[in-house]
Amino acid sequence: MKNRIFIAGGGGYIGTVVSKHFLNKGYKIDCLDNFIYKNSFSIDELKKNNDFKLIYGDLRNEKLLKTSIINCDALIILAGLVGDPITKKYPSLSTDINLNATKKLIDISIQNNLKKIIFVSTCSNYGLSETDELLDENAPLKPLSLYAKHKVEIEKYILSLKNTKNFHPTILRFSTAFGLSPRMRFDLTINQFTKSIFLKEKFEVFDSNTWRPYCHVKDFALALERVLEADQKKTSFEVFNVGGDKNNFTKKQITETILKIIPNNDNVSFTNKIFDPRNYRVDFSKINQKLNFEIKYSVEEGIEEIIQHLKSYKKKITGLDQNLYGNYIIKL
Ligand SMILES: NC(=O)c1ccc[n+]([C@@H]2O[C@H](COP(=O)([O-])OP(=O)(O)OC[C@H]3O[C@@H](n4cnc5c(N)ncnc54)[C@H](O)[C@@H]3O)[C@@H](O)[C@H]2O)c1
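About the cut-offs
Residues numbered from 1 in each chain as written. Predicted model: local features only at pLDDT ≥ 70, side-chain atom pairs only at ≥ 80, totals over all residues. Heavy atoms only, no water. Pairing = 2+ DSSP bridges. Helix = DSSP H or I, 4+ residues; strand = E, 2+ residues; numbered from the N terminus. Axes fitted to C-alpha atoms, helices over the stretch in contact; angles between N-to-C directions. Core = buried A, V, L, I, M, F, W, Y, C linked by side-chain atoms within 4.5 Å. Buried < 20%, exposed > 50% of the residue type's maximum accessible area, 1.4 Å probe, protein only. Contact = heavy atoms within 4.5 Å.

A. Quick peek at the sheet that holds strand β3 (residues 52–56). Spatially, the seven strands line up as an open sheet ordered β3-β2-β1-β4-β5-β7-β11, and their pairing is parallel. Taken across any chain shown, the strands that pair with only one partner, and hence form the sheet edges, are β3 and β11 (238–242). Direction aside, the axes of adjacent strands within the sheet are offset by 20° on average. In terms of strand pairing, strand β1 (residues 4–8) meets strand β4 (residues 74–77) through four bridges, oriented parallel. Bridging across to β4, A8 finds its partner in I77.

B. Layout of the nonpolar core. Of all hydrophobic cores here, the largest spans 63 residues; its most connected members are I5, I14, F22, I76 and L224. Sequence-distant contacts of L224, defined by excluding residues within four places in its chain, comprise V18, F22, I76, I118, V120, L172 and F174. Residues I36, I117, L161 and I171 belong to the second largest nonpolar core, which totals 35 residues.

C. Representation of the pairing of β4. Residue alternation in β4 divides its side chains into two sets, A74 and I76 and L75 and I77, and both sets are buried. Inspection of the sheet shows β4 paired to strand β5 (residues 116–122) by four bridges, in the parallel sense. Bridge assignment links A74 to a residue of β5, and that residue is K116.

D. Examining the sheet that holds strand β10 (residues 211–216) more closely. Strand order in this open sheet of three strands is β8-β10-β12, and the pairing throughout is mixed. Every interior strand has two partners, whereas the edge strands, β8 (176–178) and β12 (248–250), have only one. With strand direction ignored, the average angle separating the axes of adjacent strands in the sheet is 50°. In the sheet, β8 pairs with β10 via three bridges, with the strands oriented parallel. The partner of A177 across the bridge, within β10, is C215.

Below is the structure:
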């Protein structure tokens, strides 16, 4: 029998794709989410599967965590306020959820002897790199935003529990995501640029020469599967960057790639004005060598996929509440 995975934040942009992936592989999913962006529509398809269970509730509800995690074999932590802008807008809620509640969740899962715990962190932790060299997992962390600072704190918390019995955590530093999801986010660089160029919106590309790694949501699901299915010895207390070397892009390169597919657009301009100082290129050889993980999707394929989607849904996308497509306003 396949394992039951508790996914905190399973109703989000990455969580819905990950849930579907594991259901297709025969796992059972217990998804904890309280849909802070009124994004409950995102699990409409998942709910049809008998192996998918929604635990509607808040990560800050300790009692709920204690009663619901009890029958699970593994935990994937995705829930929280995601991104620099939303954590800047709601700093105290971010501290409550991304830091305090996440620590509690880790403590509770230790008490329940789960086989594996995966904390999804971010490559944003690398912050500002002075060089264009590829950064591996040992590179110094320079978190710039509250979002990344909390991620680093949780990473440190997990690693400080090294001698805890029956605790098998893995930290995954995800690249910036792209690709389609039932809970679409058009506030992420590749998705956002593709949508804006497709709709011929006027926009300025800030920090156009800064590097960032990108990864398709479906590739994240695959990476999580590799961790869950690997021998504990290979994953316990390990940190992995998740992505692929060929998907390190500058914002200018992303824009040019989109413009090759949708040419003749005079609405886009480039500037090197510093709006977001993050600049880092990341090395993904550790996850490749240790867990045999390789990305399947290129940035180009992700862009093509979004364009095809926009072609069929143009009217709906332009007409709907922007908050449904990104992390802007919390509606608790
Ligand atoms: N999207 C990216 O580019 C990216 C990159 C690196 C790391 N990550 C990490 O991946 C994870 C998922 O990101 P995402 O893009 O899917 O974000 P998302 O905002 O779409 O999903 C987060 C989910 O968590 C839920 N949630 C928030 N607070 C909650 C609470 N108190 N109780 C219960 N549920 C709560 C939300 O309702 C939402 O469904 C996050 O941990 C994020 O830091 C994302």
